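The residues making up each chain are set out below.
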Amino acid sequence: MNKILGNGYLWASAAPLALLIAGQAHAQTAPADAAVPATSTAQRAAPDAGIVDPDAQAGEDIIVVGTAGGGTRRQNAAFAVTTLSNDAIERAAPNSTADLLRTVPGVMAESSGGQNGANIFVRGYPSGGDAQFVTFQLGGVPIFPPSTLSFLENSQLIRLDETVQRVEAVRGGTGSLFSNGQPGLTVNVVPRVGGDTFKGFAKFSYTDYDEARGDAWVSGPLGGNTSFMVGGYYAQGNGIRDPRYRAEKGGQVTANIHHDFDDDRGSVEVYARYLNDHGQWLLPIPIVQNGSKISEYTGFDAGTGTLAGPETRVTTNLVGRTLDLAEGRGAKVVNTGLTFDYEVAGGVRLRERLSYLGGDADTVGLVPADAPTAASALATTLGGAGSTVASLTYANGGGAVAGGAATPLMRAGIWEVRKKISSFVSDSALEWTAGSNKLTGGFYYANYTTRDNWSLGNQILLTATPNARVVDMTLNGGRAATLRGFTSGPTFLVNAGYEGNDYALYGVDELQITPKLRVDGGVRWQRHEVTGTVRTPAAAAANLDGNAATLYDNAVAVIGAPTRIDYGDSKWSWTAGVNYDFTRTIGVFGRYSRGNSFPAFDNLREGLTIVAQVDTYEGGLKLSLPWINLYATGFHNTFDGLATTQIINNVPSSQTGGAKATGVELEGTLRPFRGFSLNASGTYLDATYRGFFSNNGLIDNTGNRVQRQPKWGWRVTPAYELPIGTLRPALFATLQYTGDRFSDPENQQLLPHFYQLDAGVSVDVLDHVRLQVTGNNLTNEIGLTEGNPRTIGSQGAGPILARPILGRSFRFSAAVNF
């Protein structure tokens, strides 16, 4: 809850209001020798608090991610970390879990793909997409240890709702030692826990694009030192890119029971979470590009248009598989776990974190293959030189297509990816504290599996219009180019089962040398093993009906013989850091770390066994005064051994090599007078490839800029809040700039810079009711986040395929707490 402190400045939960509104909260400086609370209960705030106790000494907020398990004060953290309170998350109004990461410096998060299918990039690490160097945790345990598999990244497996107390995000730093050893970005979602009084919360929200959502939670005591919390959300709608059917639907339920042992000796918590949510997988749409100028394709709204529609919703492909695009992309998983922290003897603590996840994470989507082009040109593509259009009709009735051979058409694939996944994670640690020294040793084990069934290709001929219609085409000589609109059958198939096992030993020593100087260092040894059986397409495609004149089925992929994967490798990671507080208001830190990223299932399927190695040097400045906070980090990293695959022309194409990056991350808050704050954050990044090859090794991209990551990016958030009697109104806005990028490693597909303006207003009534309106992309900017990742090279000028940010939208909400 907000409070007025004696100095006349308006603070929220002892953190600056603007930090909360912008979604970035950094602690105030505390004395360098202030002790870290001994038990893990100090890591949890009461259910209705912000990220820190409003009555606690400034700087006492405890962060868990990137530590040996017991947590550390923000001022003592010798690594770059951002924390986001529940209130910050609400006011940032993210469109998805990944969208929240736009608030984190050094991170480029593209959420234009909808609730699922995000692309997240970190500090110049090269990646073809998804979130290869991002791990999500729940309560300090990885949700699913592989950060990315093809068609599955971690943010797809968790949703942000009102049961989330805060989110912590650490970049680089100590990440290579703890958890699954992620050297990039580790995001820890900390859930609410109950307290000694019964409390509850309910909220209803509605958007101008007809999405309705309800959130609620209750918590309270169960007797003694035991409490509970249960809550979640349910939502449904068509989505801002409306396919004219219910495309977004689902919810999440989270519950936990927390017990504190007597005499502050520790705590134990068990939790369970059920997620069943899916939404439309948003992909590139027709856009017009001339150099750096972007405009809408005629008749296709860049902010709300989608190819999917009633005619493409349910289709039966050439091999008889019927699919419903309303299944979309999402997850249906159960996640249960336990955290245990206990002082077994004076100065000795035992910590255990367990997690199990199991369920399905499927993708059914309409994937555009090429930009709009005249039917006459597509006739040549489908039938060869000399082919012309004999007839062009709507496949689902309606007669001949107006415009005939001059009509703009395009192809899109009906892709189906089924994944049945499971994981078990155990992270055990023993901590010994003696005087100013703390030594931690731990063992990490993870077992994870996936059962994959893919069918890519299945291209269908469509009008180049929103909610496209399906078209049949016949060529000269009576040759049939389509059947029920399909121009092809499956072109790439996968039938595979994988199992991975990771074993790791880690040790960390932390020493407070003087009241001002603190050093730490640690090592991690990890063994990565993968076994599996994989079937991909046979060398020869099939002609299903044996008739060469039916062009649509002349090259249909058929599944080949199984092959075996049996992989194992071990690597060492290490780090060393130092933190020094010059005064109560100024501190600095420095760190070196080496981390590794082992090949995932899909890499091994394609024979890519390279282990990525990342070396990072970073240093930071922390400044905290009543009227200003500033946090600055400079970093340099070298990256070797990227191995990934990109789907080009419906088949995988490898990308291998390295990169180097130098950058600066800034974030801070200015509070010039009571009730007003100005938060700003920014990132400068100079990241280029070195020895990096794409297109299965045929293209050398050395010297090119790392794809999808801009040199410059920043966001500014002014906010004003002033109590008026029993009302507490607040105005807030965010202007974000994203610089020029390239969608591809060849630097042929330019993504021009753009600005995005978001704003909102909220009113708290009697501390029990909140009314809020937030607006996203108020200027309806056409900001491209992706070109056509399924092609190599330039798309040329004029109509292209690209994925813009979502158009202007508004969300209205009313909440009550008791």
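One structure accompanies this document, and this report is about it. (Residues numbered from 1 in each chain as written. Predicted model: local features only at pLDDT ≥ 70, side-chain atom pairs only at ≥ 80, totals over all residues. Heavy atoms only, no water.)

1. What to know about the overall build of the chain
Next up, step 1: Counting its regular elements, the chain contains 5 helices and 50 strands.
Next up, step 2: The C-alpha atoms of the chain give a radius of gyration of 27 Å, which matches the 28 Å a tight globule of 818 residues would have.
Next up, step 3: Taken over the C-alpha atoms alone, the chain extends approximately 90 × 60 × 50 Å along its principal axes.
Next up, step 4: Taking contacts inside the chain between residues at least 6 apart in sequence as the whole, the part at least 24 apart equals 71%.
Next up, step 5: Looking at the chain, you have 64 positive and 73 negative side-chain charges, and the mean spots of the two groups are 2 Å apart. (Helix = DSSP H or I, 4+ residues; strand = E, 2+ residues; numbered from the N terminus. Rg over C-alpha atoms; globule rule 2.2 N^0.38 Å. Contact = heavy atoms within 4.5 Å. Lys, Arg positive; Asp, Glu negative; His and termini not counted. Charge placed at Lys NZ, Arg CZ, Asp CG, Glu CD.)

2. Re empty space enclosed by the protein
Next up, step 1: Counting across every chain of the model gives 14 cavities of 30 Å³ or more.
Next up, step 2: In this model, the second largest cavity occupies a volume close to 800 Å³.
Next up, step 3: Contributing to the lining of the second largest cavity are 43 residues, with Pro94, Asn95, Gln115, Arg213 and Arg811 lying nearest its centre.
Next up, step 4: Elements supplying a minimum of two residues to the lining of the second largest cavity: α2 (86-92), β15 (199-207), β16 (212-223), β17 (226-237), β18 (248-260), β19 (266-279), β47 (769-776) and β50 (809-817).
Next up, step 5: Class assignment for the residues of the lining of the second largest cavity results in 12 nonpolar, 18 polar and 13 charged. (1 Å grid on protein atoms, 1.4 Å probe; cavity = no way out; pocket = protein on both sides within 12 Å on 5 of 7 lines; lining within 4 Å. Points joined across faces, edges and corners; volume = space filled by probe spheres on them. Nonpolar A, V, L, I, M, F, W, Y, C, P; charged D, E, K, R; others polar.)

3. Structural notes on a nonpolar patch on the surface
Next up, step 1: Taken together, the side chains of Tyr580, Phe582, Ile586, Leu621, Leu630, Val664 and Leu666 present a nonpolar region at the surface, about 520 Å² in accessible area.
Next up, step 2: With respect to the helices, strands and loops of the structure, Leu621 is situated in strand β37 (residues 612-625). (Patch = residues over 30% accessible without salt bridge, like charges linked within 9 Å, V, L, I, M, F, W, Y side chains within 5 Å. Areas by Shrake-Rupley, 256 points an atom, 1.4 Å probe, with all protein chains shown as cover. Salt bridge = Lys/Arg side-chain N within 4 Å of Asp/Glu carboxyl O.)

4. Regarding the packing of aromatic side chains
Next up, step 1: Following the criterion strictly, the structure yields 25 aromatic pairs and no others.
Next up, step 2: Aromatic side chains Phe589 and Tyr631 sit 6.2 Å apart centroid to centroid with 15 degrees between the ring planes, which places their arrangement in the stacked category. Placement of the pair is Phe589 in strand β36 (residues 586-597) and Tyr631 in strand β38 (residues 628-648), with a sequence separation of 42 residues.
Next up, step 3: We classify Phe589 as buried; its relative accessible area is 5%.
Next up, step 4: A connected cluster of aromatic rings, assembled from ring pairs, spans Phe151, Trp281, Trp415, Trp454 and Phe492.
Next up, step 5: Over the ring of Trp281 we find Arg329, and its NZ or CZ is 5.0 Å from the ring centre.
Next up, step 6: The residue whose ring lies beneath Arg469 is Tyr394, and the NZ or CZ to ring-centre distance is 4.0 Å. (Phe/Tyr/Trp six-rings, centres within 6.5 Å; stacked < 30°, edge-to-face > 60°. Buried < 20%, exposed > 50% of the residue type's maximum accessible area, 1.4 Å probe, protein only. Lys NZ or Arg CZ within 6 Å of the ring centre and 35° of its normal.)

5. A word on the pattern of salt bridges
Next up, step 1: One pass over the full model with this rule turns up 40 salt bridges.
Next up, step 2: As a salt-bridge pair, Asp615 and Arg594 come within 2.9 Å of each other at their nearest N and O atoms. In this pair, Asp615 sits in strand β37 while Arg594 sits in strand β36, placing the two residues 21 residues apart along the sequence.
Next up, step 3: Assessed through its relative accessible area of 8%, Asp615 is described here as buried.
Next up, step 4: For the salt bridge of Arg770 with Asp764, the shortest nitrogen-to-oxygen distance reads 2.7 Å. An identical accessibility class is assigned to Arg770 and Asp764; each is buried.
Next up, step 5: Put simply, Glu110, Arg708, Arg741, Glu786 and Arg803 are held in one network by salt bridges that share partners.

6. A short note on the nonpolar core
Across soluble globular proteins, nonpolar side chains have a tendency to be buried as a group.
Next up, step 1: Of all hydrophobic cores here, the largest spans 66 residues; its most connected members are Leu101, Ile120, Leu157 and Val167.
Next up, step 2: With 34 residues, the next largest nonpolar core counts Val288, Leu318, Leu751 and Ile800 among its residues. (Core = buried A, V, L, I, M, F, W, Y, C linked by side-chain atoms within 4.5 Å.)

7. Topic: unusual backbone geometry
Next up, step 1: The backbone phi angle of Arg244 is positive, close to 70 degrees, even though this residue is not glycine.
Next up, step 2: By the secondary structure assignment, Arg244 is in the loop between β17 and β18.

8. Looking at the sheet that holds strand β10 (residues 141-142)
Next up, step 1: Here 5 strands make up an open sheet; going across it, the order is β6-β13-β14-β9-β10 and the pairing mixed. The sheet is open, and its two borders are formed by β6 (80-85) and β10, each paired with just one other strand.
Next up, step 2: Strand direction decides the pairing type here: strand β9 (residues 134-138) and strand β14 (residues 185-191), joined by 5 bridges, are parallel. Bridge assignment links Phe136 to a residue of β14, and that residue is Val187. (Pairing = 2+ DSSP bridges.)

9. Looking at the sheet that holds strand β49 (residues 798-804)
Next up, step 1: Across the sheet, which stays open at both edges, the 4 strands sit in the order β21-β20-β49-β48 with antiparallel pairing between neighbours. Looking at strand neighbours, the two that pair on one side only are β21 (293-296) and β48 (784-786), the edges of this open sheet. Within this sheet the neighbouring strands show an average axis-to-axis angle of 60 degrees, counted without direction.
Next up, step 2: Across 5 bridges, the pairing between strand β20 (residues 285-290) and β49 is antiparallel. (Axes fitted to C-alpha atoms, helices over the stretch in contact; angles between N-to-C directions.)

Any functional reading would require information beyond the geometric quantities listed.
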